[in-house]
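# Coordinate analysis (summary)
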Amino acid sequence: SQTIHQWPATLVQPVGSPLSLECTVEGTSNPNLYWYRQAAGRGLQLLFYSVGIGQISSEVPQNLSASRPQDRQFILSSKKLLLSDSGFYLCAWKLRQNSGNTIYFGEGSWLTVV
Amino acid sequence: RKEVEQDPGPFNVPEGATVAFNCTYSNSASQSFFWYRQDCRKEPKLLMSVYSSGNEDGRFTAQLNRASQYISLLIRDSKLSDSATYLCVVMRGATNKLIFGTGTLLAVQP
């Protein structure tokens, strides 16, 4: 069966520090991968999605970047965090289009920028 | 205007009550529709897909009206364990992006 895991689960970072959140998927190949953010009291916002290794699409201009160095690995990064980067970050995957529509989320990473 | 709109609630209902959530979407190119459930400080989990013909899963019934761009979720015989935030979700585009509503908070009271 397929599983998705992301880490770290919780982190507190000072403003201006770097960030790296990692996500891996097991039990499948060629998934679509996504990074979402949920700020306090707001809905999930799509940040990045990827349909293949090295293929990253950004949904909104921001202080963050994403990379997909391997088929089942998706990384969210920042060189210098802002207070506004605080939130709940969720990695997600789905089978390639036309192979199933359900999207599955990782457990999430709580980021507090202080 | 948000692409997916939901009443944020909260909906406070007694156990055993029937409760209905509504959702509208603005992009007529939306292809697939879902309801997700999110417990406090947890990741969203798929509750059910929504089809034009309507579909039922136990106490949960989902309906889709493409002409009106309207989605609904009905929960019958509410349980305490149904307390959560319910997210209306649409999928569109060649890369199957999911667009989430802000969610409706349900609190079932004993």
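An account of the accompanying structure is given in this report. What you are looking at is a predicted structure, and each value in this text was computed from that prediction instead of being measured.

Counting across every chain of the model gives 13 aromatic pairs over all chains. Measuring from centroid to centroid gives 5.8 Å for Phe105 of chain A and Phe100 of chain B, while their planes differ by 65°, and the two rings are edge-to-face. Taken together, the residues span two chains, with Phe105 of chain A in strand E10 (residues 103–105) and Phe100 of chain B in strand E10 (residues 97–100). Residue Phe105 of chain A shares its accessibility class with Phe100 of chain B, and that shared class is buried. A ring pair is formed by Phe34 of chain B and Tyr36 of chain B, whose centres lie 6.4 Å apart and whose planes are at 70°; its orientation type is edge-to-face. Both residues of the pair, Phe34 of chain B and Tyr36 of chain B, belong to the buried class.

The subject of this paragraph is the pattern of salt bridges. Residue and element names in this part refer to chain B. Counted under the stated rule, the structure contains nine salt bridges over all chains. The partner of Arg37 in a salt bridge is Asp39, and the shortest N-O contact between them spans 2.9 Å. Across the salt bridge formed by Lys79 and Asp77, the nearest N and O atoms sit 2.9 Å from each other. Residue Lys79 is classed as partly exposed on the basis of its relative accessible area, which comes to 33%.

This model, assessed by the stated rule, comprises two disulfides over all chains. Between the sulfur atoms of Cys23 of chain A and its disulfide partner Cys91 of chain A the distance amounts to 2.0 Å. Here the S-S torsion is close to -75°, and the disulfide linking Cys23 of chain A with Cys91 of chain A is therefore left-handed. Of this pair, Cys23 of chain A sits in strand E3 (residues 19–26) while Cys91 of chain A is found in strand E9 (residues 87–94), placing the two residues 68 residues apart along the sequence. Its relative accessible area of 0% is what places Cys91 of chain A among the buried residues. Covalent S-S linkage joins Cys23 of chain B and Cys88 of chain B, the inter-sulfur distance amounting to 1.9 Å. In this structure, the disulfide formed by Cys23 of chain B and Cys88 of chain B twists by about -75° around the S-S bond and is classed as left-handed.

By definition, the strands of a sheet pair up through backbone hydrogen bonds, in either a parallel or an antiparallel sense. Residue and element names in this part refer to chain A. Taken together, four strands build an open sheet; the order of strands is E1-E3-E8-E7 and the sheet is antiparallel. Of all strands in the sheet, those bounded by a partner on one side alone are strand E1 (3–7) and strand E7 (65–70). Between one strand axis and the next, the sheet turns through 20° on average, direction left out of account. Note that E1 and E3 share five bridges and pair antiparallel. Counted as the bridge partner of Gln6 is Cys23 from E3.

What counts and what doesn't
- Residues numbered from 1 in each chain as written.
- Chains lettered and ligands numbered in written order.
- Predicted model: local features only at pLDDT ≥ 70, side-chain atom pairs only at ≥ 80, totals over all residues.
- Heavy atoms only, no water.
- Phe/Tyr/Trp six-rings, centres within 6.5 Å; stacked < 30°, edge-to-face > 60°.
- Helix = DSSP H or I, 4+ residues; strand = E, 2+ residues; numbered from the N terminus.
- Buried < 20%, exposed > 50% of the residue type's maximum accessible area, 1.4 Å probe, protein only.
- Salt bridge = Lys/Arg side-chain N within 4 Å of Asp/Glu carboxyl O.
- Disulfide = S-S within 2.5 Å.
- Pairing = 2+ DSSP bridges.
- Axes fitted to C-alpha atoms, helices over the stretch in contact; angles between N-to-C directions.

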